[in-house]
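Structure at a glance
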Amino acid sequence: MVHSIDHPRILICFRDQDPTVSAVLEELAHAAQVRRGHFSHLDAEEQIIRREIEANECLDRLGERLQLSEDERAGTRQRLAQERARLARRARWYR
């Protein structure tokens, strides 16, 4: 996702020509987070980590209701674990 401070629009770009449903929903969640200023009081790296965690927690919680495939749900759980570990490493670094 690309966000310009000088312009109120948010541009969402996908690397894949055929993104998964979960990829689209995750990027839309990030766009909503940016618009609402979620975690904007944190430095840029921590904003990204916490936004990733929040978006993936939501996808994990709603995966069945959203009828995400098992592969998408497993990928969501994997990304969630990676981001939680990244946040934990960051917390240890700044102690």
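Refer to the structure presented above.
Report follows, based on the coordinates. (Residues numbered from 1 in each chain as written. Predicted model: local features only at pLDDT ≥ 70, side-chain atom pairs only at ≥ 80, totals over all residues. Heavy atoms only, no water.)

**Considering the overall build of the protein chain**
Looking only at helices and strands, the protein chain features 3 helices and 2 strands. The principal-axis extents of the C-alpha atoms in the protein chain amount to approximately 40 × 35 × 20 Å. Across the 95 residues of the protein chain, 29% fall into the buried class. Long-range contacts, defined here as pairs at least 24 residues apart, represent 52% of the contacts in the protein chain between residues at least 6 apart. Positive and negative side-chain charges of the protein chain, numbering 17 and 17 respectively, have mean locations separated by a distance of 5 Å. (Helix = DSSP H or I, 4+ residues; strand = E, 2+ residues; numbered from the N terminus. Buried < 20%, exposed > 50% of the residue type's maximum accessible area, 1.4 Å probe, protein only. Contact = heavy atoms within 4.5 Å. Lys, Arg positive; Asp, Glu negative; His and termini not counted. Charge placed at Lys NZ, Arg CZ, Asp CG, Glu CD.)

**Describing unusual backbone geometry**
With phi around 65°, Phe 39 is a residue other than glycine that occupies positive phi space. Tracing the sequence through the fold places Phe 39 in the loop between helix H1 (21–36) and helix H2 (44–62). Take Phe 39: its relative accessible area is 22%, and that puts it in the partly exposed class.

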